[in-house]
Amino acid sequence: MDPPAKFTTLDIEEEEFERVVKNRSAGNFNDWPNEAGFENLTEVRGPVELDVSGCIPSWAAGTLYRTGPGGYNVEDTPKGTFKTTHWFDGFAHTHRFEIIADPMNPNGQIKVQYSSRHQSKGYVDAIRRLGRTPGLSFGQRQDPCIGIFGKMMSVFRREESNPGSDTENVCVTVQTDMPGLTPSTQQTSSGHKGGGNRRVYLATDASMIQEISPETLEPIGIARQRLLHPLLKGPLSSAHAQRDPETGDIFNFNLEMGRYTTYRIFHTSATTGETDILATISSADLKPAYIHSLFLSPSFVILCVPSSHIGYKGISVPWNGNVVDAIEPFDNSKKFRWFFVDRLSDRGLVASFESDAGFFFHSINSFEEIDETTGDLNVFCDVIEYPSTDIIRAFEMDVLLHTKGTEDPYVKDEQKVRNCLQTIVRHRFQIPASNAFNMRPLASEKVFEIKAPKCGELPTINPRYATRKYRYVYSMANNGYSTLQDSIVKTDLLTRQATFWSGPAGHTPGEAIFVPRPRQGTNSDDNAEEGEDEDDGVLLSLVLDGHGKYSYLVCLDAKTMKELGRATCDWAIGHGFHGLHLKTDVP
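Conventions used here
- Residues numbered from 1 in each chain as written.
- Predicted model: local features only at pLDDT ≥ 70, side-chain atom pairs only at ≥ 80, totals over all residues.
- Heavy atoms only, no water.
- 1 Å grid on protein atoms, 1.4 Å probe; cavity = no way out; pocket = protein on both sides within 12 Å on 5 of 7 lines; lining within 4 Å.
- Points joined across faces, edges and corners; volume = space filled by probe spheres on them.
- Helix = DSSP H or I, 4+ residues; strand = E, 2+ residues; numbered from the N terminus.
- Pairing = 2+ DSSP bridges.
- Axes fitted to C-alpha atoms, helices over the stretch in contact; angles between N-to-C directions.
- pLDDT = per-residue confidence, 0-100.
- Contact = heavy atoms within 4.5 Å.
- Phe/Tyr/Trp six-rings, centres within 6.5 Å; stacked < 30°, edge-to-face > 60°.
- Lys NZ or Arg CZ within 6 Å of the ring centre and 35° of its normal.

### So, empty space enclosed by the protein
Link 1 in the chain: Counted under the stated rule, the structure contains five cavities of 30 Å³ or more.
Link 2 in the chain: Considered as a void within the structure, the second largest cavity measures approximately 220 Å³ in volume.
Link 3 in the chain: Taken together, 22 residues line the second largest cavity, and the ones lying closest to its centre are Met178, Ile209, Gln225, Leu228 and Asn252.
Link 4 in the chain: Looking at the lining of the second largest cavity, the elements with two or more residues in it are strand E10 (208-212), strand E11 (219-224), strand E14 (250-256) and strand E15 (262-268).

### Here's the deal with the sheet that holds strand E21 (residues 359-370)
Where strands meet in a sheet, backbone hydrogen bonds hold them as pairs that are either parallel or antiparallel.
Link 1 in the chain: What the four strands build is an open sheet, ordered E21-E22-E23-E25; its pairing is antiparallel. Here the strands that pair on one side only, and so sit at the sheet edges, are E21 and strand E25 (445-451). Within this sheet the neighbouring strands show an average axis-to-axis angle of 20 degrees, counted without direction.

### Some words on the confidence of the model for the protein chain
Link 1 in the chain: On average, residues of the protein chain score 90 in pLDDT, and 89% of them are at 70 or above.
Link 2 in the chain: Under a pLDDT of 50 for its full length, residues 1-6 has, in the predicted model, 10 contacts with residues more than four places off or in other chains.
Link 3 in the chain: A low-confidence stretch, residues 148-158 stays under pLDDT 50, and its non-local contacts, those more than four residues away or across chains, total 11 contacts.

### Points about the packing of aromatic side chains
Link 1 in the chain: On inspection of all chains with the given rule, the structure shows 31 aromatic pairs.
Link 2 in the chain: An aromatic cluster is present here, built from Trp87, Phe88, Phe138, Tyr290, Phe359, Phe361, Tyr386, Phe395 and Phe577 joined pairwise through their rings.
Link 3 in the chain: Above the ring of Tyr552, the side-chain terminus of Arg566 is found at 4.0 Å from the ring centroid.

The following block contains the structure:
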């Protein structure tokens with residue numbers, strides 16, 4: 001069981017936050033080079049067996065997929081060398097770590113085999129042919145030589161009707177067995193279930209998904225959301241589709257822009273593969289926005305529209321050629337808008353709320369509690385928030401590579417430094433017991449907030465606690481020593497205490513994937529059980545040694561944050577985004 005709680009104080013948290021601001025503002029990143037994660041990256045078709053040291057537990061056996069950019073420049077284009085200007089626009093590169101246990105000796109040393117492959121060769125070939133991106137991008141700066149006629153043509157240019165399997169650039173999240181795309185006989189839920197012939201997909205914030213081979217990582221094909229339902233015709237969606245932890249059903253939104261902004265919240269059944277629209281949200285005052293993730297509670301799909309509004313009802317995206325330049329200047333009057341959509345019956349939109357202006361990439365978790373006095377339902381949503389949209393441009397390549405030195409505004413402008421530090425925020429929303437829908441947005445309550453460095457980006461939790469009350473969050477923290485993250489932090493939401501893991505200077509960790517310890521004597525390994533320790537498991541994180549220019553997969557005890565073992569490559573693996581662990585079936 002958990003040890004007695006030890007609580008921290010808010011004044012200490014403020015001191016730690018100010019320390020990070022001071023470190024970051026100094027702009028001294030020489031001890032933390034990140035170039036090896038952006039330059040001279042190659043695919044390794046493999047599989048290649050890695051050198052394993054320490055002890056990775058046999059019950060963590062399975063396949064770890066990681067995706068993100070694996071290339072940024074294209075030589076010999078008609079306009080010279082093409083250079084990617086935003087991290088999120090790097091060229092897709094997915095990695096596969098096969099963690100293999102000895103079936104005859106559960107306590108024996110495990111093996112780890114590695115392979116990787118690029119998924120956007122056709123996209124890169126188009127850049128080489130054109131000297132520019134072949135379509136819209138996330139933040140690629142547009143060629144200043146493109147005149148007004150070229151911009152007008154881009155506004156009216158139609159998407160390719162039959163894209164090839166590698167002509168799009170999709171590399172944000174890894175998903176498996178997507179309902180509606182997978183034959184109904186193979187529908188299963190995700191998490192850490194094992195199982196047969198899994199189908200693996202890559203997703204991004206566009207309304208498309210790419211299937212890849214689970215073994216070779218070869219791209220198989222591209223599908224768009226309108227394949228699931230004809231009304232899902234908008235260009236934007238969430239890279240982080242939510243999945244019911246019990247049924248495997250998928251929930252997401254589709255954003256259609258134009259005269260009226262329309263968000264369609266949809267559900268795809270893991271049993272039948274059929275998709276239905278749960279709610280259509282549209283009004284004259286509702287703006288299109290860049291939204292990276294959404295929330296799922298036991299009763300609701302929750303769409304939060306942050307203050308990252310897209311200008312001119314969406315026309316700014318094709319006009320500018322990317323999403324980042326299309327986002328309107330930040331305005332504190334543009335509050336978060338929250339929409340609660342019933343996912344258990346056909347009530348549609350049941351409540352809306354507002355909270356302070358800001359921005360977020362990642363939701364963490366959402367759970368519910370009944371108010372015993374009023375009978376109202378309290379819904380809690382936890383999220384990594386920022387006070388402005390500055391963080392979006394903080395991931396541009398010249399910032400990450402620190403090419404401007406101390407003249408970089410993300411170093412010398414202290415307010416920008418503060419705006420780019422993360423805060424965990426817990427919001428409470430009170431859903432009235434009555435079924436009456438109030439058209440006016442209700443006020444939300446901020447229960448607490450925990451600032452950096454006690455939290456960071458790319459948050460993960462024990463997957464058994466999805467949509468349940470929980471205690472621990474794992475994320476990538478920045479103490480101000482690196483232009484990216486410099487440590488992994490375990491945040492205790494009850495005591496506000498934080499436990500860190502960090503390697504030597506220059507070792508940059510990636511998203512920490514939680515693998516729970518399997519239960520003994522039960523067939524259910526997916527949901528939390530009373531009496532078990534929430535942090536009983538391991539974390540798998542891909543770390544880059546920026547000095548030695550090589551990467552290693554580290555395995556940490558999720559309870560103590562101590563290293564258990566690692567598997568080391570002889571080469572550098574690019575700074576990526578998200579991953580997924582699929583456990584090996586136990587006979």
